[in-house]
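Geometric and topological summary
The chain contents come next:
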Amino acid sequence: MQRISLSNLENNFLEVEKPLTNQEAIEESNRCLYCYDAPCIKACPTGIDIPTFIKKIASGNFLGSAKTIMASNPVGASCARVCPTEELCEGACVLNHSTKPIMIGTLQRYATDWAIKNEQSLFQPGVSNGKTVAVIGGGPAGLSAARELARLGYDVTIFEAAEKAGGLNTFGIVSFRLPQEISFWEVEQVEKLNVKIRTNTVVGRDISADKITEDFDNVVLAVGMAHVPNLGVEGENLDGVYDAIEFVKATKNNGLLSQDFVGKRVVVIGAGNTAIDGATCSVRLGAENVKILYRRTEEEMTAYDFEYEFAKQDGVEFRWLTTPKRIIGDESGRVTGIECIKMKLGEPEKDGRRKPVAVEGSEYVIPVDAVVKAIGQTRHLELIEAFGLHHDGGVVKVDQASLQTSNPNIYACGDVVFGKGKGDAMVVTAAQQGKDAAYAIHKQYLAVGVVN
Ligand code: SF4
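This structure is a prediction, so every number in the text was calculated from the model and none was measured.

This brings us to the packing of helix H3 (residues 50-58) against helix H4 (residues 62-72). As a packed pair, H3 and H4 sit with axes 7 Å apart at the nearest point and diverge in direction by 165 degrees. With respect to their mutual orientation, H3 and H4 come out roughly antiparallel. The handedness of the crossing between H3 and H4 comes out as left-handed. Contact with H3, carried on its side by Thr52, Phe53, Lys56 and Ile57, involves Phe62, Gly64, Ser65, Thr68 and Ile69 of H4 and no other residues of that element. Looking at side-chain class alone, the contact of H3 with H4 contains 4 nonpolar, 4 polar and 1 charged residues.

So this is what it looks like as structure tokens:
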């Protein structure tokens, strides 16, 4: 925790990873073997032609490199920073067997940073084919679908509930890993293809699902997830209890929250990537002690390994097999403690993970000043039902190949089709699904000769 400065908290939210210098980027690119049938390409969910973009960096063609990346992945600048590359492209690099893998993510960042800095517009809209598509949600999946549809000549409108588009990349991933301007640039690239983005527009409140299905030929539902659910324990409405999504969003706006965290004790409940974000943000806000409570063990936690390591480096403590029983407050309604109970693992549940069971009589109290809830997110049930789609507890049912829902004119992608108990969907997977939904719509019209 030594690198956390208390004198200027906003600086604690500046990007942690340093970019490569020109010299380093050229040298790293020249280490690539430009493999035939490259395994790194197969390991990328969006199929970026990695050897080609690396070769373009080596030859000084930075624009070409950025185009290669972004052609396959419309949120490729964000993914350069947030992808678990050691599990994907870098994990598959042949150089793992001899020296060390190529720093693919960092090189991807180098090329896309160049395009951002040089204000490049990478793509053109396609010739209009007269068809209209509404995309509900302007996060990674929605932007990706919109970008590909616009390139194919569709007239696309994104309906976005927040004040800005970009979804998770704009509001949900901590600034010190992904600064907002990177996400804004990706949104801008999509807008430059004449995609209309209606922000502050909640479908079901500002415009009905029926009106959208009437006004547009097709719909792509890419609404992601909703808010963090209640813990269902006493005291969760006390001052100082936060929803992790709102908490991270507040730090993205100006790096700070109204409550002073300096010297405070924070407990984060949950052990996914959002929980890690809540914990590491608390450290950067000056908290003296940050603990993550998780009802299962290290083995079942869903956070990426690199996120877990990052939290440990920040001095975050982990209390495994521990769950909150109630949140305790003082007379003024502020949090002062959390009563926990020890757990043990019982029989496996439907998702294969063993069910945590409370150990009777093991209750104890941890004194705290703030509690951050990060136990997953609820789903947009009402909206899904307003469109009349078949779903399983808020997971929209789709044909796996085409992402078509029970309504043949509506496609769905991203978190809204991502099953429960599998942790968070990757941004890069959502981006690929967005592309797949766009291509499936196009294929449907090509098949009947309506578009060329
Ligand atoms: Fe280059 Fe590694 Fe991909 Fe081969 S596997 S093309 S060495 S990045």
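Here we take up H4. Most of H4 is tucked away, with 8 of its 11 residues classed as buried. Buried within H4 we find Phe62, Gly64, Ser65, Ala66, Thr68, Ile69, Met70 and Ser72.

A few words on the layout of surface pockets. Picture a little ball the size of a water molecule; that probe, rolled over the atoms, points out where space is still empty. Its volume calculated, the second largest pocket comes out at about 590 Å³. Looking at the second largest pocket, it is lined by 22 residues, and the ones nearest its centre are Glu17, Arg81, Thr85, Thr106 and Arg177. Elements with a contribution of two residues or more to the lining of the second largest pocket: helix H5 (76-82), helix H7 (104-117) and helix H14 (305-313). It is H14 that contributes the most residues to the lining of the second largest pocket, 4 residues altogether.

Taken in spatial order, the 5 strands line up as S3-S2-S1-S4-S16 in an open sheet, and their pairing is parallel. Looking along the sheet, the strands with just one partner apiece sit at the ends: strand S3 (196-198) and strand S16 (410-412). On average, adjacent strands in this sheet sit at an angle of 20 degrees to one another, irrespective of strand direction. One ladder, built from 5 bridges, connects strand S1 (residues 132-136) with strand S2 (residues 155-159); its direction is parallel. Within the sheet, the bridge partner assigned to Thr132 lies in S2 and is Asp155.

A separate point is the site of the ligand. For the ligand, the full set of nearby residues is Cys32, Leu33, Tyr34, Cys35, Ala38, Pro39, Cys40, Pro51, Cys93, Val94, Ile102 and Ile104. Here the residues of the shell around the ligand are counted per class, giving 12 nonpolar, no polar and no charged.

So, on to the packing of helix H8 (residues 140-151) against helix H16 (residues 427-447). Here H8 crosses H16 at 35 degrees, and the two axes come no closer than 7 Å. Our pair here, H8 against H16, has a crossing hand that is right-handed. For the pair H8 and H16, the contacting residues are Pro140, Ala141, Ser144, Ala145, Glu148 and Leu149 in the first and Val427, Ala430, Ala431, Gly434, Lys435, Ala438, Tyr439 and Ile441 in the second. Class assignment for the residues of the contact of H8 with H16 results in 10 nonpolar, 2 polar and 2 charged.

Let us look at the domain arrangement of the protein chain. With domains assigned, the protein chain is organised as domain 1 (14-117), domain 2 (132-226 + 378-447) and domain 3 (241-373). Using only C-alpha atoms to locate each centre, domain 1 and domain 2 end up separated by 26 Å. Counting from both sides, the interface comprises 23 residues of domain 1 and, opposite them, 24 residues of domain 2. Summed over both sides, the interface between domain 1 and domain 2 buries roughly 1900 Å², with carbon and sulfur atoms accounting for 70% of that surface. Of all residues in domain 1, the largest losses of buried area upon contact with domain 2 belong to Pro74, Val75 and Val82, amounting jointly to 27% of the total for that side. If you look at where domain 1 meets domain 2, you find 0 salt bridges. Taken together, domain 1 and domain 2 are joined by 8 residue pairs in polar contact (both at pLDDT 80 or more).

Rules of the game
Residues numbered from 1 in each chain as written. Predicted model: local features only at pLDDT ≥ 70, side-chain atom pairs only at ≥ 80, totals over all residues. Heavy atoms only, no water. Axes fitted to C-alpha atoms, helices over the stretch in contact; angles between N-to-C directions. Helix = DSSP H or I, 4+ residues; strand = E, 2+ residues; numbered from the N terminus. Parallel < 35°, antiparallel > 145°, perpendicular 65-115°, else oblique. Left-handed = near helix turned anticlockwise from the far one by under 90°. Contact = heavy atoms within 4.5 Å. Nonpolar A, V, L, I, M, F, W, Y, C, P; charged D, E, K, R; others polar. Buried < 20%, exposed > 50% of the residue type's maximum accessible area, 1.4 Å probe, protein only. 1 Å grid on protein atoms, 1.4 Å probe; cavity = no way out; pocket = protein on both sides within 12 Å on 5 of 7 lines; lining within 4 Å. Points joined across faces, edges and corners; volume = space filled by probe spheres on them. Pairing = 2+ DSSP bridges. Near = heavy atom within 4 Å. Domains from an automatic or database assignment. Buried area = accessible area lost by both parts, 1.4 Å probe. Salt bridge = Lys/Arg side-chain N within 4 Å of Asp/Glu carboxyl O. Polar contact = N/O pair within 3.5 Å; in protein donor to acceptor, adjacent residues only side chain to side chain.

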